[in-house]
Amino acid sequence: MDWVKDFYSQTGTWWGPAESKTSERDHQRVAKVHAQAGDGPWRILELGSGYGTTAAALATAGHTVTAVELSDRVRFQTPAERLTVLNEDFYTVRLRQEFDIVCYFNGFGIGSDPDQRRLLTRIAAEWLRPGGVALIDVYNPFTWNSWHGDEEHRHPDPSQGYAYELHERTTFDPVTCTATDTWWPADRPHEAISQKLRCYTPADLTLLLEGTGLRLDKIDPTNLRDEYEYLAVLRPVTR
Ligand SMILES: C[S@@+](CC[C@H](N)C(=O)[O-])C[C@H]1O[C@@H](n2cnc3c(N)ncnc32)[C@H](O)[C@@H]1O
């Protein structure tokens, strides 16, 4: 996973000025947390928090939030009361407390199946309190497969904070169920960088969860025709 820190730091340089502002998506995520867990206030761990807009929105809604982000997207973070941001790797970070809720929005699937299992096991064994809930966005293979071969040319839009002219190509490997999303600056095609995203059907996710200490309670939405990701609601296995 050597590419992870560089990819999200570089794309943060391209998109951060535009995408590091609180948006409707952050409010929708806060609403999803409340819909699945109640209004709280809760102790929330957010993994892979990116620019930190959702973490800040959760803290503003009254929750006590710890956010963990590997890349230098953290430099766009807006500080908030009750919010702690750690610029660390969630595979190695040491957190000395338990949480009511663990979230990972738009990021699960960066890595191999054993990596994902390692993360799920840490969530269950170290971070989630008994009776807590993990809310994890999972990439939907049906939609990523439909994007195979797509190319896009993104023109700069400085008024919106997009200063760069970029190209994007998306491919999908149905054998490994992995999407590859490649970006390059229009004038420097040799500097192309890619993210690789393992996608899971709910049935695959159920198999992945075996032995991790978490089980799939439900997904939202249940109609996977058009969504590029779905929210998996995971709960600790009780013995
Ligand atoms: C697709 S981005 C999504 C960011 C944010 N959750 C959002 O929805 O805007 C995935 C994020 O996870 C972070 N990430 C991936 N692996 C990580 C790791 N091992 N530790 C901490 N952060 C990680 C990346 O740096 C990136 O910012």
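An account of the accompanying structure is given in this report. Once a new chain begins, its residue numbering starts again from 1 and follows that chain's sequence as written. Where totals are concerned, whole chains, interfaces and linings use all residues; where local detail is concerned, this predicted model gives features only for residues with pLDDT of at least 70, and gives and counts side-chain atom pairs only at 80 or more. Water and hydrogen atoms play no part in the side-chain values, which are based on all heavy atoms of the structure.

## Some remarks on the state of the cysteines
Count a disulfide wherever a pair of cysteine sulfur atoms falls within 2.5 Å. Counted under the stated rule, the structure contains 0 disulfides. Cysteine C199 is unpaired, with the sulfur of C177 as its nearest cysteine sulfur at 5.7 Å. Between buried and exposed lies partly exposed: a residue is buried under 20% and exposed over 50% of the maximum accessible area for its type, with that area taken using a 1.4 Å probe on protein chains only. For C199, a relative accessible area of 0% puts it in the buried group.

## Quick word on the site of the ligand
Residue proximity to a molecule or strand is established when one non-hydrogen atom of the residue lies within 4 Å of it. Taken together, 20 residues lie near the ligand, and R25, R29, G48, E69 and F105 sit nearest. For the purposes of these results, a polar contact is taken to be a pair of N or O atoms within 3.5 Å, where, inside protein, one atom must be able to donate a hydrogen and its partner to accept one; residues adjacent in sequence count only when each atom of the pair is a side-chain atom. With respect to the ligand, the backbone of F90 contributes an N or O atom lying 2.9 Å from a nitrogen atom. In this structure, F105 approaches the ligand through a main-chain N or O atom, which is 2.7 Å from a nitrogen atom. Surface burial for the ligand is 94%, taken as the share of its 590 Å² of free accessible area covered by protein chains. Surface accessibility in these figures is a Shrake-Rupley result with a 1.4 Å probe; residues are shielded only by whichever protein chains are displayed.

## Regarding the side chain of D137
A run of H or I in DSSP becomes a helix once it reaches four residues, and a run of E becomes a strand once it reaches two; helices and strands are each numbered from the N terminus. With respect to the helices and strands, the residue D137 is situated in strand β5 (residues 128-139). Of the buried charged residues, D137 lacks a salt bridge, with R29 as the closest side chain of opposite charge at 4.4 Å. A polar atom in the side chain of D137 sits 3.0 Å from the backbone nitrogen of N106. In this structure, D137 is in contact with R29, Y104, F105, N106, F108, E229, Y230 and L231, ignoring residues within four places of it in sequence. His is not counted, nor are the chain ends; Lys and Arg add positive charge and Asp and Glu add negative charge. Salt bridges are defined as contacts in which a side-chain nitrogen from Lys or Arg sits within 4 Å of a carboxyl oxygen from Asp or Glu. Any two residues whose heavy atoms approach within 4.5 Å are treated as being in contact.

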